[in-house]
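# Coordinate analysis (summary)
Okay, here's what each chain looks like letter by letter:
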Amino acid sequence: MAVERDRPYGSFNFRVGLGGRGRASEGFSEVGLPRFLLRPDVTAGRDDGRVDGVGDSAHLVLRRGFSGGLDLYAWWDQERQSKRSRGRIVTVELLEESSHEPVVAWRFIGCRPIALEYSPLNALESAVVVETIVLSFDHVEMI
């Protein structure tokens with residue numbers, strides 16, 4: 001699927017799909033893609049080759065304005081209570097600006113929430129409440 005062109009793509013046009021729900025999740029305003037390390041065991045002092053634990057840059061971070069939906073909280077709560085989880089597949093697609101067709105996608109396999117947070121509530125500011133979920137994953141494919 002990767003579509004190469006002469007000028008770089010903008011980072012503002014993307015879509016996130018949370019596996020297990022059967023549809024793309026709308027409203028994510030920011031995706032923090034992790035660093036892809038060749039030898040994460042050296043950086044993290046581990047020898048099992050897993051990417052987990054390398055630091056925040058080893059996690060997928062999704063942010064959106066909170067609109068009252070509890071889907072991310074329900075996923076986090078389910079994982080918190082689960083003894084065993086296979087995780088979900090989360091897909092991030094970069095879209096072409098005019099046609100909105102995917103030009104490249106990152107598929108994160110075995111995603112599990114490790115943190116869920118909300119921005120501060122502040123009566124002195126007029127800001128959007130931001131919901132952030134941080135995901136660990138088993139591996140990633142770029143297509």
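Residues numbered from 1 in each chain as written. Predicted model: local features only at pLDDT ≥ 70, side-chain atom pairs only at ≥ 80, totals over all residues. Heavy atoms only, no water.

## Examining the overall build of the chain
If you tally the helices and strands in the chain, you get 2 helices and 8 strands. When its helices and strands are written in sequence order, the chain yields β-β-β-α-β-α-β-β-β-β. The proportion of buried residues among the 143 residues of the chain is 34%. In the chain, 63% of the contacts between residues at least 6 apart in sequence involve partners at least 24 apart. (Helix = DSSP H or I, 4+ residues; strand = E, 2+ residues; numbered from the N terminus. Buried < 20%, exposed > 50% of the residue type's maximum accessible area, 1.4 Å probe, protein only. Contact = heavy atoms within 4.5 Å.)

## Let's talk about the packing of aromatic side chains
In this structure the tally under the stated criterion is 3 aromatic pairs. Plain terms: the ring middles of Phe66 and Tyr118 are 5.5 Å apart, the flat faces sit at 80 degrees to each other, and that makes the pair edge-to-face. Taken as a pair, Phe66 in the loop between strand E4 (60–65) and helix H2 (71–81) and Tyr118 in strand E6 (residues 102–118) lie far apart in primary sequence, 52 residues in all. Here the aromatic rings of Phe108 and Phe137 are separated by 5.0 Å at their centres, their planes lie at 75 degrees, and the arrangement is edge-to-face. Note that Phe108 is positioned in strand E6 and Phe137 in the loop between strand E7 (130–136) and strand E8 (139–142), a separation of 29 residues in sequence. The exposure classification of Phe108 matches that of Phe137, with both residues buried. The ring of Trp75 has Arg88 lying over it, and the distance from NZ or CZ to the ring centre is 4.3 Å. (Phe/Tyr/Trp six-rings, centres within 6.5 Å; stacked < 30°, edge-to-face > 60°. Lys NZ or Arg CZ within 6 Å of the ring centre and 35° of its normal.)

## Here we look at the nonpolar core
One finds Val16, Leu18, Leu62, Val90 and Leu135 to be the most contacted residues of the largest nonpolar core, which totals 20 residues. Breaking this core down by element, the ones donating at least two residues are strand E1 (14–18), strand E3 (28–32), E4, H2, strand E5 (88–95), E6 and E7. In terms of residue count, the dominant contributor to this core is E6 (6 residues). Aside from chain neighbours lying at most four places away, what touches Leu62 is Val16, Leu18, Phe28, Glu30, Val31, Glu131, Thr132, Ile133 and Leu135. (Core = buried A, V, L, I, M, F, W, Y, C linked by side-chain atoms within 4.5 Å.)

## Focus: the confidence of the model for the chain
The pLDDT averaged across the chain works out to 83; a share of 82% of its residues lies at or above 70. Taken as a whole, residues 49–55 scores under 50 in pLDDT and shows 17 contacts with residues more than four places along the chain or in a different chain. (pLDDT = per-residue confidence, 0-100.)

## Some remarks on the pairing of E4
Judged from the 4 bridges that link them, E3 and E4 form a sheet pairing that is antiparallel. Bridged to Val31 within E4 is Leu62. Where E4 lies against E7, 6 bridges are found, and the strand directions are antiparallel. From the neighbouring strand, Arg63 faces E7, where its bridge partner is Thr132. (Pairing = 2+ DSSP bridges.)

## A closer look at a nonpolar patch on the surface
On the surface, Phe66, Leu70, Tyr73 and Tyr118 cluster together into a nonpolar patch covering about 370 Å² of accessible area. Within the fold, Tyr73 resides in helix H2. Tyr73 sits in the partly exposed class, given a relative accessible area of 36%. (Patch = residues over 30% accessible without salt bridge, like charges linked within 9 Å, V, L, I, M, F, W, Y side chains within 5 Å. Areas by Shrake-Rupley, 256 points an atom, 1.4 Å probe, with all protein chains shown as cover. Salt bridge = Lys/Arg side-chain N within 4 Å of Asp/Glu carboxyl O.)

## Quick notes on the pairing of E5
Both faces of the sheet carry side chains from a regular strand, because those side chains alternate between them. For E5, the tally of buried residues reaches 6 of 8 residues, placing the bulk of the element in the interior. By the bridge criterion, 5 bridges tie E1 to E5 in an arrangement that is antiparallel. Looking at the pairing, Val16 lines up with Val92 of E5. The pairing of E5 with E6 spans 7 bridges and is antiparallel. Bridge pairing in E6 places Val92 opposite Trp106. The turn linking E5 back onto E6 is made up of 6 residues, and His100 within it adopts a positive phi angle of 60 degrees.

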